[in-house]
Amino acid sequence: MSDQADVIVRIASVLGGMADPVAQRAGEIDAETSIVRDLKLDSLAVMDFVMALETEFDTVIPIDALSGVETIGDLARLLQPTLPRPTHAAAGR
Amino acid sequence: MLEKYADLQAAYARLGSGGRNPFSVAFEQMLSPTEAMLNGRPVLLLGTNNYLGLTFERSCIEAAAAALDAEGTGTTGSRIANGTYGRHAALEAQIAGFLGRREAMLFTTGYQANLGVLAGLAGRDDNLLLDADSHASIYDGARLSGARVTRFRHNDPEDLRRRLRILDERAEPTQPGRVPSRNLIVVEGIYSMMGDIAPLAEIAAVRREAGAYLLVDEAHSLGVLGERGRGLVEVAGVEADVDFIVGTFSKSLGGIGGFCASDAPDFGLLRLASRAYMFTASLPSSVVAGVSRALQLVEEQPAPRWRLARNAERLYCGLTAAGFQLGPTVSPIVSIRLPGPEVAMTFWTALLEAGIYVNLALPPATPDSKSLLRTSVSAVHSAAQIDRAVDAIAGIGRTLGLVPGSSAELSAAAD
């Protein structure tokens, strides 16, 4: 569970790096936060958000894997298996 | 049925209230590649993708008219079910020869070329790696393929390399009797919204390291870039690293249609596997003949490309000097970044009032949700036309407070 909390903190930091007004909601997210309804990201913004997460977590999330993702918790579960990896590729970006 | 588009409808209504409706522009008459009649007045066209101005080229019109007369208005069917015309095969051979490839396949539009090629090449066990700023036709083709699709950061070979590494780590050994999973990288020569250019040499290097395949969509760069007009692949000198070249006839060649050219063994199998090729009517002979003549002109005459490059530079430098924020590269697509959709709409309307037509490009069709005034130059724009456009754009930009006034105005204001 603490793993999931860690992941959500990192998701929030990525969200905080996005353009306003999305960035302003970064502090309020938890596992139940809906990406479309609460964060009000449209389909394109979701794709850009995921691309930033892929860099942060040094992973690849195929677009079709997103079809079942509704909440931040769903996203965390998608990202969690790759957690132990260092994020050297993300450095400097 | 259309209730789901309520948000779209609301956004459209908001746009309409700010001025003229950009989606309802209907030219009464095309006067030339650079001028049309709109609401009873001539307007300067600065957003047509008519890069070489060939839509009114006399020899293209004559070739198309002769074919129209000889072979009729349409083919009334698909290549696969209703037969290929000699002209289709001849144009395929001409394109293959022009690009130095073994084979080329025609599609009825450029959109269908990407749809048919990506869905035909990639299957559910393959990975498609798309530049994030790819055209909608690439995304749609990728989705139709059933392959695993990932976007890499726009023009970022390092992010592409990182993704290929991760996909390689995840790859499972190929089971006996199964076809191995392949990785296909997709990039564009010139990106249609910002006019920037792919770092193709670096991307080709990543392709070599990873043993992947590479497709380059030269929609906006064919006939535009390269000493011989062969596109960015020619400029970057990486023809051996590019497996598939996609292009369109509707921009520099002034017609309509698309193609894919390749040296891949058995490339022709796509004719039996690509649904966007198989299940649509083939190009009419008049279009094929006009495009064939246009391609011949591209091969024979480099001067229009030089004029195009000079015009692009004139517009880019003029707008930069006026203080606008443009894309990172000088190319025939010059886009002005504006702070938001409302300002863009106001600007676009004022420009049309001043007799200049450009493209209004708004999110979600733009990268990073930018609001853009997108312009594209032609080889047949005169220097005077470009200067007139720069002056008009700069004047409106100053009126709207988006760029600083001229130095004379500034010093007058300081006094």
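About the thresholds
- Residues numbered from 1 in each chain as written.
- Chains lettered and ligands numbered in written order.
- Predicted model: local features only at pLDDT ≥ 70, side-chain atom pairs only at ≥ 80, totals over all residues.
- Helix = DSSP H or I, 4+ residues; strand = E, 2+ residues; numbered from the N terminus.
- Contact = placed C-beta atoms within 7 Å.
- Expected span 1.5 Å × (residues − 1).
- Pairing = 2+ DSSP bridges.
- Axes fitted to C-alpha atoms, helices over the stretch in contact; angles between N-to-C directions.
- Parallel < 35°, antiparallel > 145°, perpendicular 65-115°, else oblique.
- Left-handed = near helix turned anticlockwise from the far one by under 90°.
- Nonpolar A, V, L, I, M, F, W, Y, C, P; charged D, E, K, R; others polar.
- Domains from an automatic or database assignment.
- Buried ≥ 20, exposed ≤ 12 C-beta atoms within 10 Å, placed from the backbone.

Caption draft 1: Quick peek at the overall build of chain A. Scanning chain A from terminus to terminus reveals three helices and zero strands. Moving toward the C terminus, one meets the helices and strands of chain A in the order α-α-α. Once local pairs closer than 6 in sequence are excluded, the contacts in chain A between residues at least 24 apart make up 60%.

Caption draft 2: Helix H14 (residues 383-399) of chain B, seen in detail. Residues and elements named next belong to chain B. If you check H14, its first and last C-alpha atoms are 24 Å apart, about what 17 residues at 1.5 Å a residue would give, namely 24 Å. Looking at the packing, one finds that the buried side of H14 touches strand E3 (41-45), helix H12 (303-321), helix H13 (341-353) and strand E12 (356-357). A positive phi of about 70° marks Gly401, the residue just after H14.

Caption draft 3: The arrangement of the environment of Asn21 of chain B in detail. Along the polypeptide, Asn21 of chain B turns up in the loop between helix H1 (6-17) and strand E1 (29-32). C-alpha of Asn21 of chain B to C-alpha of Gln9 of chain B: the two residues are twelve residues apart in sequence and 13 Å apart in space.

Caption draft 4: Spotlight on the sheet that holds strand E10 (residues 258-262) of chain B. Residues and elements named next belong to chain B. Strand order in this open sheet of seven strands is E4-E10-E9-E8-E7-E5-E6, and the pairing throughout is mixed. This sheet does not close on itself; its edge strands, each paired only once, are strand E4 (103-107) and strand E6 (148-152). Averaged over all neighbouring strand pairs, the angle between strand axes comes to 20°, with direction disregarded. Direction of pairing for strand E8 (residues 213-217) relative to strand E9 (residues 244-248): parallel, over a ladder of three bridges. The partner of Asp217 across the bridge, within E9, is Val246. In the packing of helix H6 (residues 136-145) onto the sheet, contacts are made with strand E5 (127-131), E6, strand E7 (183-188) and E8, and the angle to E5 comes to roughly 170°.

Caption draft 5: Highlighting the packing of H12 of chain B against H14 of chain B. Residues and elements named next belong to chain B. For the pair H12 and H14, interaxial distance at closest approach is 10 Å and the crossing angle is 20°. Our classification of the angle between H12 and H14 gives roughly parallel. Classified by chirality, the crossing of H14 by H12 is right-handed. The residues of H14 that touch H12, namely those facing Asn311, Arg314, Leu315, Gly318 and Leu319, are Ala383, Ile386, Val390 and Ile393. Residues of the contact of H12 with H14, tallied by class, amount to six nonpolar, two polar and one charged.

Caption draft 6: Fine view of the domain arrangement of chain B. Residue and element names in this part refer to chain B. Each assigned domain of chain B is listed with its residue range as follows: domain 1 (21-50 + 302-414) and domain 2 (58-300). Each of domain 1 and domain 2 has a C-alpha centre, and these two points are 29 Å apart. Each partner contributes to the interface: domain 1 provides 18 residues, whereas domain 2 provides 15 residues. Looking at the side of domain 1 that touches domain 2, the elements with two or more residues in it are H12, strand E11 (333-338) and strand E14 (371-376). Broken down by element, the side of domain 1 that touches domain 2 gets its largest block of residues, three residues, from E11. Class assignment of the residues belonging to the side of domain 1 that touches domain 2 gives a composition of nine nonpolar, seven polar and two charged.

Caption draft 7: The interface of chain A and chain B, seen in detail. Of the residues lining the interface, ten residues belong to chain A; the matching set on chain B comes to eleven residues. Considering only residue class, the side of chain A that touches chain B consists of seven nonpolar, one polar and two charged.

Caption draft 8: Structural view of unusual backbone geometry. Residues and elements named next belong to chain B. A positive phi angle, close to 50°, is found at Asn39, a residue other than glycine. In this fold, Asn39 is placed in the loop between strand E2 (35-38) and E3. Given 11 C-beta atoms within a 10 Å radius, Asn39 is considered exposed. Although it is not a glycine, Asp266 sits at a positive phi angle of roughly 60°. Overall, Asp266 belongs to the exposed group, with 7 C-beta atoms counted inside 10 Å.

Caption draft 9: Geometry of the sheet that holds strand E13 (residues 359-361) of chain B. Residue and element names in this part refer to chain B. Reading across the sheet, the three strands line up as E11-E14-E13 and stay open at both edges, with antiparallel pairing between neighbours. At either margin of the open sheet sits one strand with a lone partner, and together these are E11 and E13. Put simply, the sheet's adjacent strands are angled 25° from each other on average, direction ignored. Strand direction decides the pairing type here: E11 and E14, joined by six bridges, are antiparallel. Looking at E14, one finds that Val334 is bridged to Thr375. Each of E11 and E14 is contacted by H12, which is oriented at about 15° to E11, the strand it contacts most. Helix-sheet contacts for H13 involve E11, E13 and E14, and the interaxial angle to E14 is about 35°.

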